[in-house]
Amino acid sequence: EVGANIQLSGACEFDAFTVEDGDTLNCSGQRAEFSGDLTLESGSTMIVTSGMVVLNGACSYTEPGDDTTITGKTSANLWIDFDAGEIMSPGGSELNNWWKNVFWNGLGSINQDNICRASNLIVGGTLDANDRPVGHPTNTSRMIEDMRIAAGGSVIDNTGGFYISPTGSFSNRGGLFSSGGAAYI
């Protein structure tokens, strides 16, 4: 049925899932986990305000057209735990005002320039940037806000560069650290 409106009322898990032309998937304030391919067709809408979208395992994310609408990303979290060979491929029109926090915990790669605009990016797995720039190379409001590479995390195959905001920060020291000392009695 064209024009379906799917409203999540709690945490949900899905296998392969397609939001078709004219349909809306509303994950606002909820956790939506996809363990199969998530496809947003041209003309579809996904609302993620204050929610968390988890892309897990053998799951690729595809927006085949530039007329897919995703709202609420600037307050939402994206957790990526791909298997090797899986791809994150957002449509070009959805790159501005990307996800507030992006946790890259698996393998896999990206297939679009300038992802993670204005995002906090934490890499705990292996992020293959696929020779694409991550963050915008010249517009400081569209660069990565903060980037952390946790212990065991790595970034490979990137000649495009990572662009971090001048007001942001970068750390690749991994683990948990304290700026204070410890007292032993």
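Structure's up top.
Everything numeric in this text was worked out from a predicted model, so none of it was measured.

## What about the packing of aromatic side chains?
Now for step 1: Within the structure shown, the criterion is met by 5 aromatic pairs.
Now for step 2: Consider the rings of Phe82 and Trp104, whose centres lie 5.8 Å apart with planes at 85 degrees: the pair is edge-to-face. Taken together, the residues span a long stretch of sequence, with Phe82 in strand β11 (residues 77-82) and Trp104 in strand β13 (residues 101-104) at a distance of 22 residues. Neither Phe82 nor Trp104 differs from the other in exposure class; each is buried.
Now for step 3: Cluster of aromatic residues (ring-pair linked, three or more members): Phe14, Phe17 and Phe34.

## Regarding the state of the cysteines
Now for step 1: Under the counting rule described, the total for this entry stands at 0 disulfides.
Now for step 2: In this structure Cys27 is not part of a disulfide, and its nearest cysteine sulfur, from Cys12, lies 8.1 Å away.
Now for step 3: Take Cys27: its relative accessible area is 1%, and that puts it in the buried class.

## Things to note about the side chain of Ser171
Now for step 1: By the secondary structure assignment, Ser171 is in strand β19 (residues 164-171).
Now for step 2: Beyond its immediate stretch of four places on either side in the chain, Ser171 contacts Met147, Arg148 and Ile149.

## Brief notes about the sheet that holds strand β1 (residues 5-7)
Now for step 1: With parallel pairing, 4 strands are arranged side by side in an open sheet as β1-β4-β7-β10. Looking at the sheet topology across the chains shown, the edges are occupied by β1 and β10 (69-71). Direction aside, the axes of adjacent strands within the sheet are offset by 10 degrees on average.

## Some thoughts on the nonpolar core
Now for step 1: Counting residues in each nonpolar core, the largest one holds 37 residues, and the members touching the most others are Phe34, Met46, Leu55, Met88 and Leu121.
Now for step 2: Sorting the residues of this core by element identifies β3 (17-19), β5 (31-34), β6 (38-40), β8 (52-57), β11, β13, β15 (120-123) and β17 (144-149) as the ones contributing at least two each.
Now for step 3: Among residues more than four places away in sequence, those in contact with Leu55 are Phe34, Leu38, Tyr61, Leu78, Trp79, Ile80, Asp81, Phe82 and Met88.

## Examining the environment of Thr68
Now for step 1: Examined against the element boundaries, Thr68 turns out to sit in the loop between β9 (61-62) and β10.
Now for step 2: For Thr68, a relative accessible area of 2% translates into the label buried.
Now for step 3: Measuring from C-alpha to C-alpha, the distance between Thr68 and Glu41 comes to 6.6 Å, with 27 residues separating the pair along the chain.

## Focus on the pattern of salt bridges
Now for step 1: Under the defined criterion, the tally for this structure stands at 1 salt bridge.
Now for step 2: The partner of Glu33 in a salt bridge is Arg31, with the nearest N and O atoms 2.9 Å apart.
Now for step 3: Relative accessible area serves as the criterion here: at 12%, Glu33 is assigned to the buried category.

Reading the values: the criteria
Residues numbered from 1 in each chain as written. Predicted model: local features only at pLDDT ≥ 70, side-chain atom pairs only at ≥ 80, totals over all residues. Heavy atoms only, no water. Phe/Tyr/Trp six-rings, centres within 6.5 Å; stacked < 30°, edge-to-face > 60°. Helix = DSSP H or I, 4+ residues; strand = E, 2+ residues; numbered from the N terminus. Buried < 20%, exposed > 50% of the residue type's maximum accessible area, 1.4 Å probe, protein only. Disulfide = S-S within 2.5 Å. Contact = heavy atoms within 4.5 Å. Pairing = 2+ DSSP bridges. Axes fitted to C-alpha atoms, helices over the stretch in contact; angles between N-to-C directions. Core = buried A, V, L, I, M, F, W, Y, C linked by side-chain atoms within 4.5 Å. Salt bridge = Lys/Arg side-chain N within 4 Å of Asp/Glu carboxyl O.

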